[in-house]
Amino acid sequence: MDGSNDMQRESTPVLAETLAAANGRLIGVLTLNAEKNLNAVSLPMIALLAQHLTAWAMDDRVAMVVMQGAGSKAFCAGGDLQNLHRTMQAHHASAQNGNVLGNDYANAFFEREYRLDYQIHTYKKPILCWGHGIVMGGGIGLMAGASHRVATEKTRMAMPEAGIGLFPDVGGSWFLNRMPGHAGRFLALTGASFEAADARYAGLADYVLPHAVKADVLEALLIQPWSENCEANHALAGYVLRRAEARHGDYGWTQAGPLRQHQDLIDNLCGRDTVEEALDALAALETNNPWLAKAAASSKRASPGALRLAWRMLEAARHLSLADVFRLEYGVALHCAAQGDFAEGIRALLIDKDMSPRWQPAGSSAAFLDSPWSVQQHPLADL
């Protein structure tokens, strides 16, 4: 074996290949290849994913795309926070401090990440995302827009951004608002994790399958009568996945999860007029349920400013188009990178790992929603 090829393969953040179907059409496969970092989203990974998706969109031979994560632990556990922290620290210490657009790395990272997420949401060809293992933050951003989303017995999802001083971004202001009742508010304020059944209930997964059948699903996809008709190809992908669900039965882990089981209580806790009232209700919650108790405790440890911002973003984005949501989130993310608790949250969780963030007093989040650009000059104006 060629050791240099193995090393190059290991260092490539995205592995791309095409599989030949029985009728000569192709299935593109994109593997997030940063297993040691739980396939965290990095700028090189974003660039390669966008590049291959763009090329395959224009290639009539490619009928559909499969996205998956390397290894067995995670599809994608979030974003590359270490580089963001380094550049935020440098920006805060520089003469550019206070300039929302002064951090070139943050500017590039969030623009390209959100652009990629939007590309996935609006992709004409079927995209099957195999969301096995940890799927958090930026990982949900990649998975949420796929047309055919699979959760497995090991899927663990969460939007824990408020715990590091950010708000649930990557389109979170869009898909959290579309969850049943006030489930989206609850997940934004608590960062609570949820599994396959609740992922489907909340609208972030379409199918629930055992991870062991992935090879069988790929084999079934390769014998379908693919064509250049995108609508027909979407139907074929759905047929294969529905048939796999029917064939592999109903497992215990596909029953209603805690998000669905406690929907009435969640609506009572988070269906308040203000974020302060909702946080007070969570803080006063008395429960013997471990999942609810952990969720309520997490909201107490999160950044107060980020919690208020998360609430405000859900309100502001309620009636926006998907493109406008990404445009809004981009400006707000840059405000978070330039000021606020984001850098401190990453420091406490990932850099020093002391788990003792020194949050700033929660002030008004209104200024964070002020766009640094005019409508015409917005970097995402072309979405």
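Criteria and cut-off values
Residues numbered from 1 in each chain as written. Predicted model: local features only at pLDDT ≥ 70, side-chain atom pairs only at ≥ 80, totals over all residues. Heavy atoms only, no water. Helix = DSSP H or I, 4+ residues; strand = E, 2+ residues; numbered from the N terminus. Rg over C-alpha atoms; globule rule 2.2 N^0.38 Å. Buried < 20%, exposed > 50% of the residue type's maximum accessible area, 1.4 Å probe, protein only. Contact = heavy atoms within 4.5 Å. Areas by Shrake-Rupley, 256 points an atom, 1.4 Å probe, with all protein chains shown as cover. Lys, Arg positive; Asp, Glu negative; His and termini not counted. Charge placed at Lys NZ, Arg CZ, Asp CG, Glu CD. Pairing = 2+ DSSP bridges. Axes fitted to C-alpha atoms, helices over the stretch in contact; angles between N-to-C directions. Expected span 1.5 Å × (residues − 1). Arc of directions from axis to C-beta. Polar contact = N/O pair within 3.5 Å; in protein donor to acceptor, adjacent residues only side chain to side chain. Salt bridge = Lys/Arg side-chain N within 4 Å of Asp/Glu carboxyl O. Phe/Tyr/Trp six-rings, centres within 6.5 Å; stacked < 30°, edge-to-face > 60°. Lys NZ or Arg CZ within 6 Å of the ring centre and 35° of its normal.

Visitor: Just checking my understanding: could you explain the overall build of the chain for this structure?
Guide: In terms of regular secondary structure, the chain is built from 17 helices and nine strands. Over its C-alpha atoms the chain spans a radius of gyration of 21 Å, differing by no more than 12% from the 21 Å that the globule rule assigns to 383 residues. Considering only C-alpha atoms, the chain reaches an extent of 60 × 50 × 45 Å along its principal axes. The buried share of the chain, taken over its 383 residues, is 52%. Counted over contacts in the chain with a minimum sequence separation of 6, partners at least 24 positions apart contribute 72%. If you sum the accessible surface of the chain, you get close to 16,700 Å²; carbon and sulfur atoms cover 50% of it. Separation of charge centres in the chain, based on 32 positive and 40 negative side chains, amounts to 2 Å.

Visitor: What is the right way to read the sheet that holds strand 6 (residues 134-136) from this model?
Guide: Two pairing modes exist for strands in a sheet, parallel and antiparallel, and in both the strands are linked by backbone hydrogen bonds. The sheet built from three strands is open, its strands ordered 4-6-8 with parallel pairing. Since the sheet does not close on itself, it has two edges, and those belong to strand 4 (74-76) and strand 8 (156-158), each with one partner. On average, each strand axis in the sheet is inclined to that of its neighbour by 15 degrees, with strand direction left out of account. As paired elements, strand 6 and strand 8 share three bridges and run parallel to each other. In the strand pairing of strand 8, Met 136 is matched with Ala 158.

Visitor: Would you mind showing me how to read helix 14 (residues 290-301) here?
Guide: Since the α-helix packs 3.6 residues into each turn, any two residues three or four apart lie on the same face. With 12 residues, helix 14 ought to run about 16 Å at 1.5 Å a step, and its terminal C-alpha atoms sit 17 Å apart, in line with that. Listed as buried for helix 14 are Trp 291, Leu 292, Ala 295, Ala 296, Ser 298 and Ser 299. End-on, the buried residues of helix 14 take up no more than an arc of 155 degrees, which puts them together on one face. In helix 14, the exposed positions angled more than 90 degrees off the buried face are occupied by Pro 290, Lys 294, Lys 300 and Arg 301. On its buried face, helix 14 is in contact with helix 7 (183-190), helix 11 (258-261), helix 12 (263-270), helix 13 (275-283) and helix 15 (304-316). Regarding helix 14, its N-cap is Asn 289, as a side-chain oxygen of that residue lies 3.0 Å from the backbone nitrogen of Trp 291 further along.

Visitor: I tried to follow the environment of His 335 on my own but got confused; where do I start?
Guide: Along the chain, the position of His 335 falls in helix 16 (residues 322-338). Residue His 335 is classed as buried on the basis of its relative accessible area, which comes to 8%. Residues His 335 and Phe 194, 141 residues apart in the sequence, show an inter-C-alpha distance of 29 Å. Within the local environment of His 335, its side chain forms a polar contact with the backbone oxygen of Asp 370, the two atoms lying 2.8 Å apart.

Visitor: Honestly, the pattern of salt bridges in this entry has me stumped. Any pointers?
Guide: When charged atoms on two side chains of opposite charge get close, those side chains can pair. Evaluation of the coordinates by the stated rule reveals 12 salt bridges. When the shortest N-O distance is used, the salt bridge between Arg 327 and Asp 324 registers 2.9 Å. In this pair, Arg 327 and Asp 324 are both assigned in helix 16, three residues apart and thus about one turn of the helix distant. A relative accessible area of 18% places Arg 327 in the buried class.

Visitor: Looking at this structure, I do not really get the sheet that holds strand 3 (residues 62-69). What am I missing?
Guide: Strand order in this open sheet of six strands is 1-2-3-5-7-9, and the pairing throughout is mixed. Every other strand in the sheet has two partners, leaving strand 1 (14-20) and strand 9 (207-208) as the edge strands with one partner each. With seven bridges joining them, strand 1 and strand 2 (residues 26-32) adopt antiparallel strand pairing. Its bridge partner being in strand 2, Leu 19 is matched across the sheet by Ile 27.

Visitor: What am I meant to see in the packing of aromatic side chains here?
Guide: We describe a pair of aromatic rings using the distance from one ring centre to the other and the angle between the two ring planes. The tally for this structure, following the rule as stated, stands at eight aromatic pairs. Where Tyr 330 meets Trp 373, the ring centres are 5.0 Å apart and the plane angle is 20 degrees; that geometry is what we call stacked. Placement of Tyr 330 in helix 16 and of Trp 373 in the segment after helix 17 (342-351) is noted, with a sequence separation of 43 residues between them. Comparing Tyr 330 with Trp 373, the two get one shared label, buried. Among the aromatic residues, those joined into a cluster by ring pairs are Tyr 105, Phe 109, Phe 110, Tyr 114, Tyr 118, Phe 326, Tyr 330 and Trp 373. Against the face of Trp 174 rests Arg 178, its NZ or CZ located 3.4 Å from the ring centre. Directly above the aromatic system of Trp 311 lies the positively charged group of Arg 185, at a separation of 3.9 Å from the ring centroid.

Visitor: Can you help me understand helix 17 in this one?
Guide: Of all the 10 residues making up helix 17, seven are buried; the element is thus mostly covered by neighbouring parts of the structure. All of the buried residues in helix 17 are Phe 342, Ala 343, Glu 344, Gly 345, Ile 346, Arg 347 and Ala 348. Its buried side turned inward, helix 17 meets helix 3 (81-92), helix 4 (104-121) and helix 16. Of the residues one or two after helix 17, Lys 353 is the one with positive phi, at around 55 degrees.

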